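Chain by chain, the residues:
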Amino acid sequence: MHTPEEAEAHRLDSVDPGHRHLFHVPPAEGGRYPEVAYLAGNSLGLQPRATRDELLADLDAWQRLGVEGHLEAERPWLPYHELLTAPAARLVGALPAETVVMNSLTVNLHLLMVSFYRPAGERTRIVIEDSAFPSDSYAVRSQARFHGLDPDATVVRLKPRPGEDTLRTRDVLDFLGAEGHTVALLLLGGVNYLTGELMDIPAITAAGRAAGAVVGWDLAHAVGNVPLALHDWDVDFAAWCSYKYLNSGPGALAGVFVHERHLGDPALPRFEGWWSTEAATRFEMTPVSRPPATVEAWQISNPPIFAMGPVRTSLELFDSVGMPALRERSLRLTGYLERLLDEVTADRPLTVVTPRDPARRGCQLSVRIGVGSANELTKRLRHEHGVIADAREPDVVRFAPVPLYSTYHDCWRVADALAATVEATS
Ligand SMILES: *Cc1c(COP(=O)(O)O)cnc(C)c1O
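Because the structure is a prediction, the values reported are computed rather than measured.

Colleague: Even after reading the chapter, I still don't get helix 10 (residues 305-321), so can you show me in this structure?
Modeller: Quick reminder: α-helices carry 3.6 residues per turn. Residues three or four places apart thus point the same way. Taking 1.5 Å per residue, 17 residues should reach 24 Å; helix 10 reaches 25 Å between its end C-alpha atoms and fits that length. Buried within helix 10 we find Ile 305, Met 308, Gly 309, Pro 310, Val 311, Arg 312, Thr 313, Ser 314, Leu 315, Leu 317, Phe 318 and Val 321. Looking at the residues trailing helix 10, positive phi occurs at Gly 322, about 90 degrees.

See below:
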């Protein structure tokens, strides 16, 4: 029997259907519904139905052509990465010359810090958020050590005010006003992985640059989730992965942005390989590189073609749907989940910690649990209700209704499962 609430969810799905038909949704292990309610696209996006055939076509070219595939494949391998450049640039609001898909996220953060973390004099500090993703913490601490600096003294972790869960823009700006002269690099997450907070990227970038710091952004949880305008926002550099909202598969190739003003700057240190030299003369095999005045100068190795196919397929999908339409649906879907969560959390030891202002978040809502472990709760949601969420120990469970493929009924299932799993306090 459908309750009126469940019927309402189905009705909303019929008027605002999204693009679920373009994805493989994992089957549920048993129970009432054939598919899981997948709310973990912020951790690993689902597989687009188009990916397998596109990947097989690239594999076929290798089978038929061997080495000649570099030039003769339907999508020749030598310039293959260029197919990804324009759609990636559109997604992050960049010029094609500012964007390239390569490597993985943390590797790219390191390669970018080679160029953009250059401590000198009293300007040595790296500023991150206290709830930064661990990989970013480890990366910046190891960069400090690489420069002979003490990571404890070099890395500043910005904390929310006591009793608050998210950073206030005002506090970040005040910190930069007071201590900006000591900051070499500001490297924050555009959307925080834990709380789902969307930072005010343009305001913080402007303040950081005005204070004389370099401003980079980790967009792992922002890309494909919220609209971005990196070029116009004057961001110095950015990096993101493609396996979360970009649905390009586990460990997928990542993306990089370097602002136009830094391109072709011979004073910037960079690590180079044969893919750092301009493509036209690459095979002259000269002993000295001639890097192009584009972000491709940051490339090092020839890229893995079979890893690029899924990214290409995914970017084509984002291109065809468009980020503005996705954001619109995202606001509706997350607003709906928020309303349902408010009802469930009202009399249970659960608190939504994501900002309540839709302009300050993407699609993810994070819930802090007051009793028990986050891991235990997500296990029960999965095994008893077929709801796939994501735990961050000790006490946060994250739900991401992804505008491409999540449904209102998925959101309803989250609330229904939470109500059944977490005991009411009164
Ligand atoms: C997912 C994520 C990573 C993961 O790093 P990889 O190098 O892709 O393994 C790093 N930083 C942030 C902020 C993330 O959300």
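Colleague: What is the right way to read the site of the ligand from this model?
Modeller: Surveying the vicinity of the ligand reveals the residues Leu 105, Thr 106, Phe 133, Asp 136, Asp 218, Ala 220, His 221, Tyr 243 and Lys 244. Contact distances for the ligand include 2.6 Å between a nitrogen atom and a side-chain N or O atom of Asp 136. One nitrogen or oxygen atom from the side chain of His 221 is found 3.1 Å from an oxygen atom belonging to the ligand. Considered on its own, the ligand offers 390 Å² of accessible surface; in the complex 83% of this is hidden by protein. Of the residues contributing to the shell around the ligand, the split by class is 4 nonpolar, 2 polar and 3 charged.

Colleague: What exactly am I supposed to notice about the packing of aromatic side chains here?
Modeller: Centre distance and the angle of the planes are the two values used to describe a pair of aromatic rings. Counted according to the given criterion, the structure contains 9 aromatic pairs. Ring centres of Trp 274 and Trp 275 lie 4.6 Å apart, and the angle between their planes is 75 degrees; on these two criteria the pair is classed as edge-to-face. Ring geometry for Tyr 336 versus Tyr 408: centroids 5.2 Å apart, planes at 70 degrees, classification edge-to-face. Remark: Tyr 408 occurs in helix 13 (residues 408-421) and Tyr 336 occurs in helix 11 (residues 323-345); sequence separation between them is 72 residues. Here Tyr 336 matches Tyr 408 in class, with each residue buried.

Colleague: Which parts of the structure should I look at to understand the UniProt feature "binding site: pyridoxal 5'-phosphate" (unreviewed entry) in the chain?
Modeller: According to UniProt, the "binding site: pyridoxal 5'-phosphate" (unreviewed entry) feature falls on Leu 105, Thr 106, Phe 133, Pro 134, Ser 135, Asp 136, Asp 218, His 221, Tyr 243, Trp 274 and Asn 302. The largest pairwise C-alpha distance within this set of annotated residues, which runs over 198 residues, is 31.7 Å, so the set is dispersed in three dimensions. With residues up to four places along the chain from it excluded, the contact list for His 221 reads Asn 42, Val 191, Tyr 193, Lys 244, Tyr 245, Gln 364 and Arg 398. Residue position: Trp 274 is located in the loop between strand 10 (254-258) and helix 10. Every residue in contact with Trp 274, bar those within four places of it in the chain, is listed here: Arg 282, Phe 283, Met 285, Ile 300, Ser 301 and Asn 302.

Colleague: Looking at this model, I keep getting lost on the pattern of salt bridges. Mind explaining?
Modeller: Where charged atoms from two side chains of opposite charge approach closely, those side chains can pair. One pass over the full model with this rule turns up 35 salt bridges. Across the salt bridge formed by Arg 356 and Asp 342, the nearest N and O atoms sit 2.9 Å from each other. Of this pair, Arg 356 sits in the loop between strand 11 (350-352) and strand 12 (365-369) while Asp 342 sits in helix 11; the two residues are 14 residues apart in sequence, bridging distant segments of the chain. Between Glu 384 and Arg 380 there is a salt bridge; the shortest N-O distance is 2.9 Å. Of this pair, Glu 384 and Arg 380 both sit in helix 12 (residues 374-385), separated by 4 residues, roughly a single helical turn. Its relative accessible area of 35% is what places Arg 380 among the partly exposed residues.

Colleague: Which parts of the structure should I look at to understand helix 4 (residues 82-92)?
Modeller: For helix 4, the set of buried residues is Leu 84, Thr 85, Pro 87, Ala 88, Ala 89, Leu 91 and Val 92. On its buried face, helix 4 is in contact with strand 4 (99-102), strand 9 (237-240), helix 10 and helix 11. Immediately downstream of helix 4, the backbone of Gly 93 shows phi near 70 degrees, a positive value.

Colleague: Would you take a moment to explain the sheet that holds strand 11 for this structure?
Modeller: The strands that make up a sheet are held in pairs by hydrogen bonds between backbone atoms, and each pair lies either parallel or antiparallel. Strand order in the open sheet made by the 4 strands is 11-12-15-14, with antiparallel pairing throughout. The outermost strands of the open sheet, each flanked by one partner alone, are strand 11 and strand 14 (390-392). If you compare each strand with its neighbour and ignore which way they point, the axes differ by 30 degrees on average. Both strand 14 and strand 15 (residues 396-399) contribute to a ladder of 3 bridges, which runs antiparallel. If you follow Ala 391 over to strand 15, its bridge partner there is Val 397.

Colleague: Explain the UniProt feature "modified residue: N6-(pyridoxal phosphate)lysine" (unreviewed entry) in the chain to me, please; I cannot follow it from the model alone.
Modeller: When the UniProt feature table is mapped onto this chain, "modified residue: N6-(pyridoxal phosphate)lysine" (unreviewed entry) is found at Lys 244. Excluding residues within four positions of it along the chain, Lys 244 makes contact with Gly 41, Asn 42, Ser 43, Leu 44, Gly 45, Ala 220 and His 221.

Colleague: Just checking my understanding: could you explain the domain arrangement of the chain for this structure?
Modeller: Interface size is often expressed as the accessible area that is lost when the parts come together. Split into domains, the chain comes out as domain 1 (4-47 + 322-425) and domain 2 (79-320). The gap between the C-alpha centroids of domain 1 and domain 2 is 29 Å. With 30 residues of domain 1 at the interface, the matching set in domain 2 holds 26 residues. Interface area, domain 1 with domain 2, both sides summed: about 2300 Å², of which 57% is carbon and sulfur. When the buried surface of domain 1 facing domain 2 is broken down by residue, Leu 44, Met 323 and Arg 360 rank first, second and third, together holding 23% of it. Linking domain 1 to domain 2 there are 2 salt bridges. The salt bridge involving Arg 368 is made with Asp 165; its shortest N-O contact spans 2.4 Å. Taken together, the links from domain 1 to domain 2 amount to 13 residue pairs in polar contact (both at pLDDT 80 or more). In terms of residues, the side of domain 1 that touches domain 2 owes the most to one element, helix 11, which gives 3 residues. Class assignment for the residues of the side of domain 1 that touches domain 2 results in 15 nonpolar, 9 polar and 6 charged.

Colleague: I would appreciate a short explanation of the nonpolar core in the present structure.
Modeller: Soluble, globular proteins show a tendency: their nonpolar side chains are buried together. Counting 65 residues, the largest nonpolar core has Trp 217, Leu 219, Leu 228, Leu 230, Ala 238, Trp 240 and Leu 404 as the members making the most contacts within it. Setting aside its immediate chain neighbours within four residues, Leu 404 contacts Gly 18, His 19, Arg 20, Phe 23, Asn 247, Leu 317, Phe 318, Val 321 and Leu 326. Leu 39, Val 387, Val 414 and Ala 415 belong to the second-largest nonpolar core, a separate cluster that totals 32 residues.

Colleague: Looking at this structure, how should I read the pairing of strand 9?
Modeller: Every other side chain in a regular strand lies on the same face of the sheet, so the side chains alternate between the two faces. Burial along strand 9 is two-sided: Phe 237 and Ala 239 facing one way and Ala 238 and Trp 240 facing the other are all buried. Of the pairings in the sheet, the one linking strand 9 to strand 10 comprises 4 bridges and is antiparallel in character. Note on strand 10: the bridge partner recorded for Ala 238 is Phe 257.

Rules used throughout
- Residues numbered from 1 in each chain as written.
- Predicted model: local features only at pLDDT ≥ 70, side-chain atom pairs only at ≥ 80, totals over all residues.
- Heavy atoms only, no water.
- Helix = DSSP H or I, 4+ residues; strand = E, 2+ residues; numbered from the N terminus.
- Expected span 1.5 Å × (residues − 1).
- Buried < 20%, exposed > 50% of the residue type's maximum accessible area, 1.4 Å probe, protein only.
- Near = heavy atom within 4 Å.
- Polar contact = N/O pair within 3.5 Å; in protein donor to acceptor, adjacent residues only side chain to side chain.
- Areas by Shrake-Rupley, 256 points an atom, 1.4 Å probe, with all protein chains shown as cover.
- Nonpolar A, V, L, I, M, F, W, Y, C, P; charged D, E, K, R; others polar.
- Phe/Tyr/Trp six-rings, centres within 6.5 Å; stacked < 30°, edge-to-face > 60°.
- UniProt positions renumbered as here; feature names shortened; annotations may be inferred.
- Contact = heavy atoms within 4.5 Å.
- Salt bridge = Lys/Arg side-chain N within 4 Å of Asp/Glu carboxyl O.
- Pairing = 2+ DSSP bridges.
- Axes fitted to C-alpha atoms, helices over the stretch in contact; angles between N-to-C directions.
- Domains from an automatic or database assignment.
- Buried area = accessible area lost by both parts, 1.4 Å probe.
- Core = buried A, V, L, I, M, F, W, Y, C linked by side-chain atoms within 4.5 Å.

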